[in-house]
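# Summary of structural features
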Amino acid sequence: MELAADPRLSVTTHPVVGGPSVGPSLNARLGGLSDYPFTRLAALLADVTPRSNTTPLMLSIGEPQHEPPALLAQALAAAPLADWGKYPPTIGTAPFRAAVHGWLCRRYGLPASFVDVDKGILPATGTREALFQVALLATPQRKDGRQPAVLIPNPFYAVYEGAAALAGAEPVFMPATRETGFLPDLDALAPDLLARTALMYLCTPSNPQGAVADLAYLKKAITLARAYGFVLALDECYAEIWDKAPPPGGFEAALSLENDGAGQGQAGQGTANLLVFNSLSKRSSAAGLRSGFIAGDPALIQAFTRLRSYALAGNALPALAAAAALWGDDAHVEENRRLYRQKIDAAEAALKGRYGFYRPAGGFFLWLEVGDGEAATRRLWGEAGLRVLPGAYFTRSEPDGGNAGHPYIRVALVHDTETVARACETIARVLG
Ligand SMILES: Cc1ncc(COP(=O)(O)O)c(C=O)c1O
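Residues numbered from 1 in each chain as written. Predicted model: local features only at pLDDT ≥ 70, side-chain atom pairs only at ≥ 80, totals over all residues. Heavy atoms only, no water.

## As for the overall build of the chain
Helix and strand counts for the chain stand at 14 helices and 12 strands. The C-alpha atoms of the chain give 23 Å as radius of gyration, which agrees with the globular expectation for 432 residues (22 Å, within 12%). Taken over the C-alpha atoms alone, the chain extends approximately 80 × 65 × 55 Å along its principal axes. By the burial criterion, 55% of the 432 residues in the chain qualify as buried. Pairs at least 24 residues apart make up 77% of the contacts formed inside the chain by residues separated by at least 6 positions. Approximately 19,100 Å² of the chain is accessible, and the part contributed by carbon and sulfur atoms is 56%. Where the 38 positive side-chain charges of the chain centre and where its 41 negative ones centre are 1 Å apart. (Helix = DSSP H or I, 4+ residues; strand = E, 2+ residues; numbered from the N terminus. Rg over C-alpha atoms; globule rule 2.2 N^0.38 Å. Buried < 20%, exposed > 50% of the residue type's maximum accessible area, 1.4 Å probe, protein only. Contact = heavy atoms within 4.5 Å. Areas by Shrake-Rupley, 256 points an atom, 1.4 Å probe, with all protein chains shown as cover. Lys, Arg positive; Asp, Glu negative; His and termini not counted. Charge placed at Lys NZ, Arg CZ, Asp CG, Glu CD.)

What follows is the structure, encoded as structure tokens:
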């Protein structure tokens, strides 16, 4: 068939060049999102100039500043040049999956068969994109005959909200305040809400508060996901940065449910309804490698593979090889933890007894109660060149206008110990 014979391809119905133009109509859900926290921070500080005798220091972004392990550069250098010329497969490579699987089994004491090495693991270009895409995977048109809900801790990592809203779900926030141990109170969730829940995000250790969910908590979350037929997305990207004890993980909880036996109705369920997200950004101080993984329920992984075969750009093969080397090594992570503990010690020495200071059980953020987080942020920037983030920018306001994050600032302890010590002393001096 000749092209011109098909009326659908006729050019004569289009506006002539130079004629009136119509702007593209964009996804209206975008307009409903809050500005991203760093955009809001830039606006808040736009008219504040740090004093001339200060050196600006970024305590606002959770970007580890430790040097990435030499293993990373070695693995990249060892990769054949030709591998840079190849499109990476959506499911990654067998050595990558084997390295992630090996780490999961070591870290959480799992039997080898619990997470399927070929059908239960996918590479991610960092957890961020994967946590975004999981909402597209999990959100049906309707759930229980209504608009689906996506449950999100409050405060929260901003990506969860954007993902939920853009997937067409209603983001529903679960308060995670000092009163609830900085984790959502799962017992407070109404059955009516759970019935229309398509996806629940949980983060442990949590950002920004550094709270760790215990095994019983994780078991409850998995049990709810199975009882109400939703996906549980566990963001465990801070799982390797801990203070006193390694945080339990979702797979440990699923295994424990399995071991609890048939009496509880959970035997044989394995990793059902569960997806775990993790990355090398914090564990290996390699945020720029953009390498993480998604693991869990093989049925979900299969559907996710289908979605990601459309949506994923993927990690280059040399990056997957480097990632495999890093997941295979624990020594550099032990050293990372030692350095983070030093920083928390320094913060404790400067801030103990003020601003509700506590040692975060996991992660590397301080969540300090300073009265008015935005005002404190402006003062710290203006008077000392310290850039922190107001807690309100992680926290959705209540319908009555109250915002549980308003009194807080988040401080990222990512610089060397001496710098962290000086910064914390300065915070105490400036905020009084
Ligand atoms: C809670 C949380 N989840 C996910 C991410 C994304 O990290 P990445 O994409 O580097 O794995 C971050 C990054 O700071 C985070 O704080």
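## A look at the side chain of Asn273
Positionally, Asn273 belongs in the loop between helix 8 (250-260) and strand 7 (274-279). A polar contact is formed between the side chain of Asn273 and the backbone oxygen of Ala225, at a distance of 3.1 Å. In contact with Asn273, not counting residues within four places along its chain, are Ala225, Arg226, Gly229, Phe230, Val231, Leu232, Asp297 and Leu300. (Polar contact = N/O pair within 3.5 Å; in protein donor to acceptor, adjacent residues only side chain to side chain.)

## A short note on the site of the ligand
With respect to spatial proximity, 14 residues lie near the ligand, and among them Thr127, Asn207, Asp235, Tyr238 and Ser281 are the closest. One of the side-chain N or O atoms of Ser279 is found 2.7 Å from an oxygen atom in the ligand. Take Ser281: an N or O atom from its side chain is 2.6 Å from an oxygen atom of the ligand. Its free accessible area being 400 Å², the ligand has 91% of it covered by the protein chains. If you map the ligand onto the pockets, it falls in the largest pocket. At the level of secondary structure, the elements contributing two or more residues to the shell around the ligand comprise helix 4 (127-138) and helix 9 (280-283). Element by element, the count of residues in the shell around the ligand is highest for helix 4, at 3 residues. Partitioning the shell around the ligand into residue classes produces 5 nonpolar, 5 polar and 4 charged. (Near = heavy atom within 4 Å. 1 Å grid on protein atoms, 1.4 Å probe; cavity = no way out; pocket = protein on both sides within 12 Å on 5 of 7 lines; lining within 4 Å. Sits in = over half its atoms within 2 Å of the grid points. Nonpolar A, V, L, I, M, F, W, Y, C, P; charged D, E, K, R; others polar.)

## Focus on the sheet that holds strand 9 (residues 365-369)
One open sheet holds the 3 strands; their spatial order is 9-12-11, and the pairing between them is antiparallel. The strands lining the two open edges of the sheet, one partner per strand, are strand 9 and strand 11 (389-390). This element, helix 13 (residues 373-384), spans strand 11 and strand 12 (408-412) of the sheet and lies at about 45 degrees to strand 12. (Pairing = 2+ DSSP bridges. Axes fitted to C-alpha atoms, helices over the stretch in contact; angles between N-to-C directions.)

## Observations regarding the confidence of the model for the chain
Per-residue confidence for the chain gives a mean pLDDT of 94; residues scoring 70 or more make up 95%. Of the regions scoring below 50 in pLDDT, residues 7-11 engages in 1 contact with residues more than four places distant in sequence or in other chains. (pLDDT = per-residue confidence, 0-100.)

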